[in-house]
There are 2 protein chains.
Amino acid sequence: MADKQESKRGPEVKPRNWLVPVILLTLREWNSYGYELMERATAFGFEAMNPGTLYRTLRQMEKEGIVESTWETSKGGPARRMYTITDAGEAYLDFWAKALEQYQRNMDTFFKLYTGRSLRPEENDNKEE
Amino acid sequence: MADKQESKRGPEVKPRNWLVPVILLTLREWNSYGYELMERATAFGFEAMNPGTLYRTLRQMEKEGIVESTWETSKGGPARRMYTITDAGEAYLDFWAKALEQYQRNMDTFFKLYTGRSLRPEENDNKEE
DNA sequence: CGTGTCTATGTGTAGAATGCACATACGATG
DNA sequence: CATCGTATGTGCATTCTACACATAGACACG
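Every chain is numbered on its own, with residues counted from 1 as its sequence reads. Here the convention is simple: chains get letters from A, ligands get numbers from 1, in the order in which they are written. Where totals are concerned, whole chains, interfaces and linings use all residues; where local detail is concerned, this predicted model gives features only for residues with pLDDT of at least 70, and gives and counts side-chain atom pairs only at 80 or more. Values shown for side chains rest on all heavy atoms present in the structure; no hydrogens or waters enter the calculation.

**Student:** Would you explain the sheet that holds strand S2 (residues 67-72) of chain A in this entry?
**Tutor:** Strands in a sheet are paired, the pairing made by backbone hydrogen bonds, and the direction either parallel or antiparallel. All names here are of chain A. In spatial order, the strands read S1-S3-S2; together these three strands make up an open sheet with antiparallel pairing. Unpaired on one side and paired on the other, strand S1 (32-33) and S2 mark the two borders of the sheet. Looking at chain direction, S2 and strand S3 (residues 80-85) are connected through six bridges and run antiparallel. Its bridge partner lying in S3, glutamate 72 is registered against arginine 80. DSSP-based pairing: two strands are paired if at least 2 bridges between them are found. Counting from the N terminus, the helices are the DSSP runs of H or I reaching at least four residues and the strands are the DSSP runs of E reaching at least two.

Encoded structure:
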């Protein structure tokens, strides 16, 4: 029963594009760059963020116009691509917040049904509405 | 800025595999079949479920051993593939519930930062660690 | 100088999830 | 028999993302 699939190790729950709002939220408070955002994301709920995904996401976000970047070479070490949130980005973040609220309500519904098993007075395995 | 991308119409928030726990939760209460589960899912928070995704998901779930199916031809109309949750399925649902709780906490963090902008005493757009 | 380490940014590729369009088939009704 | 509502499914393309690997600057150390 369920061997090669992921049913054993536990499900993947992260919503799609979850990285996007986390990045936007961070950039709304301070400008940042990939390497730092990785730690931030990790602290947030992603265990083991991998660089590839993060950097690609940032590039995509810039292509969409919700963030902008410039090279910063002043500090020691390799150059950093510093990111800034745009107006469109802030608006997009608001969209995300609304969508996440909706999603939170769905989760509430889920948990009500999950925890309170006997919300419906049916028998066991038949249903008539 | 952000034209061909989805930044305009709003983000896609549904978590991955969200259909799976919804189906399991429903089947825990009564046996059901694809067509009916589609309506259930729609009522739950998916607008415009498309049949393809749902039926494919059900097949996959059966392959993983978390549901089982038998043909039901007794009722009028086309035959229905009736699904039943297995023991592994119930266990898997519990996994999901735990994962969703964790995820709910992450969302709380997100909203705290989103709503309460001034949790951090930084200036506006620079940060040094 | 050469070698290694930490910081920092990327690419290549493959697999999974999912939306959209389309196909099939049964039963009832006119 | 044509058509509608129910019911299940496939093909194809896109998107997301995990994993592995590549590149490169700065700095320390012998």
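**Student:** How should I be thinking about the protein's contact with DNA strand C in this particular structure?
**Tutor:** Residues and elements named next belong to chain A. Any residue with a heavy atom lying within 4 Å of a molecule or strand is counted as near it. The local shell around DNA strand C holds 22 residues, among which Tyr35, Arg56, Arg59, Pro78 and Arg80 are the closest. Sugar plus phosphate: this is where 65% of the atoms of DNA strand C within 4 Å of the protein reside. Interatomic distance of 2.9 Å between a side-chain N/O atom of tyrosine 55 and a phosphate oxygen of DNA strand C. Counting of polar contacts relies on pairs of N or O atoms within 3.5 Å, with two restrictions inside protein: one atom must be capable of donating a hydrogen and the other of accepting it, and residues adjacent in sequence are counted only when both atoms are side-chain atoms. Here arginine 59 contributes a side-chain N or O atom positioned 2.7 Å from a phosphate oxygen of DNA strand C. In terms of residues, the surface near DNA strand C owes the most to one element, helix H3 (residues 51-64), which gives four residues. When residues are sorted by character, Ala, Val, Leu, Ile, Met, Phe, Trp, Tyr, Cys and Pro go into the nonpolar class, Asp, Glu, Lys and Arg into the charged class, and all the rest, Gly among them, into the polar class. Looking at the surface near DNA strand C, its residues break down into eight nonpolar, six polar and eight charged.

**Student:** What should I look at first to understand the packing of helix H2 (residues 34-44) of chain A against H3(A) in this one?
**Tutor:** Between two packed helices, what matters for the description is the angle formed by their axes and the separation of those axes. All names here are of chain A. To define axes, lines are fitted to C-alpha atoms, for helices over the stretch in contact only, and angles between the resulting N-to-C directions are given on a 0 to 180 degree scale. Relative orientation of the contacting elements H2 and H3 amounts to 115°, with a least axis distance of 10 Å. Two packed elements cross with a definite hand, and for H2 against H3 that hand is right-handed. On the side of H2, the interface is formed by Gly34, Tyr35, Leu37 and Met38, while H3 contributes Pro51, Leu54, Tyr55 and Leu58. Broken down by class, the residue content of the contact of H2 with H3 amounts to seven nonpolar, one polar and no charged. Handedness of a crossing follows from how the near helix is turned relative to the far one, being left-handed for an anticlockwise turn of less than a right angle and right-handed for a clockwise one. Contact between two residues is taken to exist if any of their heavy atoms lie within 4.5 Å; hydrogens are not considered.

**Student:** What's the story with the layout of surface pockets in this structure? I'm lost.
**Tutor:** Once rolled over the atoms, a probe with the size of a water molecule shows which space is left empty. A cavity here means a set of points on a 1 Å grid, drawn over the protein atoms and nothing else, where a 1.4 Å probe fits but cannot get out; a pocket is an open set with protein on both sides within 12 Å along at least five of seven lines, and a residue lines either one if it has an atom within 4 Å of a point. Grid points are joined across faces, edges and corners, and a volume is the space filled by probe spheres set on the points. If you add up the space inside the largest pocket, you get close to 550 Å³. In terms of lining, the largest pocket is formed by 24 residues, of which the most central are Glu12(A), Lys14(A), Trp18(A), Phe46(A) and Arg16(B). Elements supplying a minimum of two residues to the lining of the largest pocket: helix H1 (19-29) and H3 of chain A together with helix H4 (87-115) of chain B. When grouped by side-chain class, the residues that make up the lining of the largest pocket number 11 nonpolar, seven polar and six charged. Of the pockets and cavities examined, the second largest pocket occupies roughly 470 Å³.

**Student:** When you look at the side chain of Thr57(B) in this model, what are you seeing that I'm missing?
**Tutor:** Residues and elements named next belong to chain B. Relative to the helices and strands, threonine 57 is located in helix H3 (residues 51-64). Remark: exposure states derive from per-residue accessible area (1.4 Å probe, protein chains only) relative to the maximum for the residue type, with buried under 20%, exposed over 50%, and partly exposed in between. Of the residues examined, threonine 57 reaches a relative accessible area of 17% and is grouped as buried. A polar contact of 2.7 Å, which involves the side chain of threonine 57, links it to the backbone oxygen of threonine 53. With sequence-adjacent residues up to four places away left out, threonine 57 is seen in contact with Leu19, Val20 and Ile23.

**Student:** Just checking my understanding: could you explain unusual backbone geometry for this structure?
**Tutor:** Both trends apply: most residues other than glycine have a negative phi, and most peptide bonds are in trans. For Asn17(A), which is not a glycine, the phi torsion comes out positive at approximately 65°. Of note, Asn17(A) is situated in the segment before H1.

**Student:** Just checking my understanding: could you explain the sheet that holds strand S3 (residues 80-85) of chain B for this structure?
**Tutor:** The strand order S1-S3-S2 (chain B) describes an open sheet built from three strands, whose pairing is antiparallel. Strands at the two margins of the open sheet, each flanked by one partner only, are strand S1 (32-33) and strand S2 (67-72) of chain B.

None of this, on its own, says anything about what the molecule does.
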